[in-house]
Structures are given as C-alpha cells and as structure tokens.
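Fold and contact review
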Amino acid sequence: MTERPRLRIATPDDADAVSRVLRASYGALMKPAYSDTVLDAVLPLITTANPALLAGGTYYVALLDGTIVGCGGWTFARPGAPDAPVDPKRGHIRHFATDPAWTRRGVARALMERCITDAEAAGATTLEAYATLVAEAFYRSAGFRTVAAIDVPIRPGVDLPSLHMIRSAVPDPAD
Ligand SMILES: CC(C)(COP(=O)(O)OP(=O)(O)OC[C@H]1O[C@@H](n2cnc3c(N)ncnc32)[C@H](O)[C@@H]1OP(=O)(O)O)[C@@H](O)C(=O)NCCC(=O)NCCS
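As a starting point, this report considers the structure included with it. Only a predicted model underlies this, so the values are computations on that prediction, with no experimental measurement involved.

1. With respect to the nonpolar core
The biggest cluster of nonpolar side chains holds 24 residues, and the ones touching the most others in it are Ile93, Phe96, Met112, Tyr139 and Phe144. Secondary-structure elements contributing two or more residues to this core are strand E2 (59-64), strand E3 (67-75), strand E4 (90-98), helix H4 (107-121), strand E5 (126-132) and strand E7 (158-168). In this structure, Tyr139 is in contact with Ile93, Phe96, Met112, Ala129, Ala131, Phe144 and Met165, ignoring residues within four places of it in sequence. Counting residues in each nonpolar core, the second largest holds 22 residues, with Ala10, Leu54, Cys71 and Leu160 among its members.

Structure follows, in structure tokens:
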C-alpha cells in the first residue's frame, strides 16, 4: 500500500524544491493538452515558486520518504490580482503540482483536503480554481465543477487556455 504523504506548511526555504516540482510536473504533464508553442511561452513563467505563496502560510508541500513530491495551496487573494479587494467567503486554489514520478498516489488529493479544511476554517464557503486542461479530472474528483473555459493571462500577449472551476462547501444538488 502506498505511504500517505506527510504535509507541512511551505516556507521560503522550500523555493528550490517547489520550483523543481513545478518544472518537472508542468513540463511533463501538460504536454498532452497544449502545443509546444504554448508550452514554450508559458512554462518559463509558471514554473518558479511564488515567494508570496511560500511566505503566506496557506501553501503546503507534500513529502514522501522525506522528499517534496507535491505542492499546492489556497489564498483569499485572486491569482494575478494580489491587490484587488478579497471576498472573505471565496478562496482561490494556487499552484498545484505533483512530481510526475509520484502521480496517482493521492499526493494532490491530500493537499486539496488540507486546503479545503483550512479554507473553510478561515470562513471560505466557495473555492475557485483556474485549472489547466489536464487537471480537470483531478478537480472534479475533489468536488469542483467546470463553469467556463477561460484564457488565463500569464503576461501581456501570453494566455493559457484553462478552465474556471468552482467548489461550494454545500454541494449543488444539480451536480
Ligand atoms: C493534477 C495533478 C496535480 C494531480 O496530482 P496527483 O497527485 O496525481 O493526484 P491524486 O493522485 O491525488 O489524484 C486524486 C484523484 O484525482 C483524479 N485524477 C488525478 N489525476 C488524474 C488523471 N491524470 N486522469 C484522471 N483522473 C485523475 C482521480 O480521481 C484521482 O483519484 P484515483 O487515483 O484514486 O483515481 C497532477 O496531475 C499535476 O501536477 N498535473 C500537472 C500540473 C497541473 O496541471 N496542475 C494543476 C494546476 S491548475
């Protein structure tokens, strides 16, 4: 049976390990859904650990055998709009990734369960994600529903086709 990952809150000291997981994960696992042109433009911009997340106390790392194999978290701040007013009932899922050598072992599920528990304890009743096209099944398995296809602006002139997904603490009976 697979060992359950150990989770802890990330710190700025995890920057290198988190960046390594992001690079390995996004570089390998996004290929089935995105062209090389999109990946060449976007990967350099989304595979560095975000210092604000690492310092924020709601970003987590998952360890197996003492090695960081996954990362992910949540914030009230909306990604790409750190200074916009926050909705105290709406959390945003941030920068999830699992090392491709360790997928389908419940690493991201454990991270998501921690996010849901902590976000709800902080008052969030809704969680939102801008999911990559390859992550839709994962988010659905965690109770999110897809509400729209969107292009997430990464920087001027570079967008990442994504899915806007939402999870309500009280599930919609239509789901
Ligand atoms: C999406 C991602 C984080 C999932 O990580 P993971 O650790 O493999 O996920 P888990 O093992 O916890 O999977 C939990 C459940 O999600 C679903 N799931 C996860 N990956 C899936 C896949 N590739 N296909 C279908 N369902 C999947 C399954 O229901 C799974 O449960 P099961 O394995 O018991 O069937 C990982 O594939 C990844 O890093 N992808 C690339 C980066 C990315 O797109 N990140 C999201 C940014 S929005």
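2. Concerning the environment of Thr58
In this structure, Thr58 sits in the loop between helix H3 (51-56) and E2. As a C-alpha pair, Thr58 and Pro82 span 24 residues in sequence and 15 Å in three-dimensional space. When neighbours within four sequence positions are excluded, Thr58 is seen to be in contact with Gly73, Trp74 and Thr75. One polar contact links the side chain of Thr58 to the main-chain carbonyl oxygen of Trp74, over a distance of 2.5 Å.

3. Quick word on the side chain of Thr126
Tracing the backbone through its elements, the reader meets Thr126 in strand E5. Residue classification places Thr126 among the buried residues on the basis of a relative accessible area of 12%. With residues up to four places along the chain from it excluded, the contact list for Thr126 reads Lys89, Arg90, Gly91, Ile166, Arg167 and Ser168.

About the criteria used
- Sequence positions are assigned chain by chain, starting from 1 and proceeding in written order.
- For this predicted model, a pLDDT threshold of at least 70 governs which residues receive local features, and a threshold of 80 or more governs which side-chain atom pairs are given and counted, while totals over whole chains, interfaces and linings are taken from all residues.
- Computation of side-chain values covers all heavy atoms of the structure but excludes hydrogens and water.
- Nine residue types can take part in a nonpolar core, namely buried Ala, Val, Leu, Ile, Met, Phe, Trp, Tyr and Cys, and a core is a set of them joined through side-chain atoms within 4.5 Å.
- Summary of the burial criterion: residues with accessible area below 20% of their type's maximum are buried, those above 50% are exposed, and those between are partly exposed, where the area comes from a 1.4 Å probe applied to protein chains only.
- Secondary structure is summarised from DSSP: a helix means a run of H or I of at least four residues, a strand means a run of E of at least two, and numbering begins at the N terminus for each.
- Here, residues are in contact when the closest pair of their heavy atoms is within 4.5 Å.
- Throughout this description, a polar contact denotes any pair of N or O atoms lying within 3.5 Å of each other; where both atoms belong to protein, one of them has to be capable of donating a hydrogen while the other can accept it, and for residues adjacent in sequence the pair is counted only when both atoms sit in side chains.

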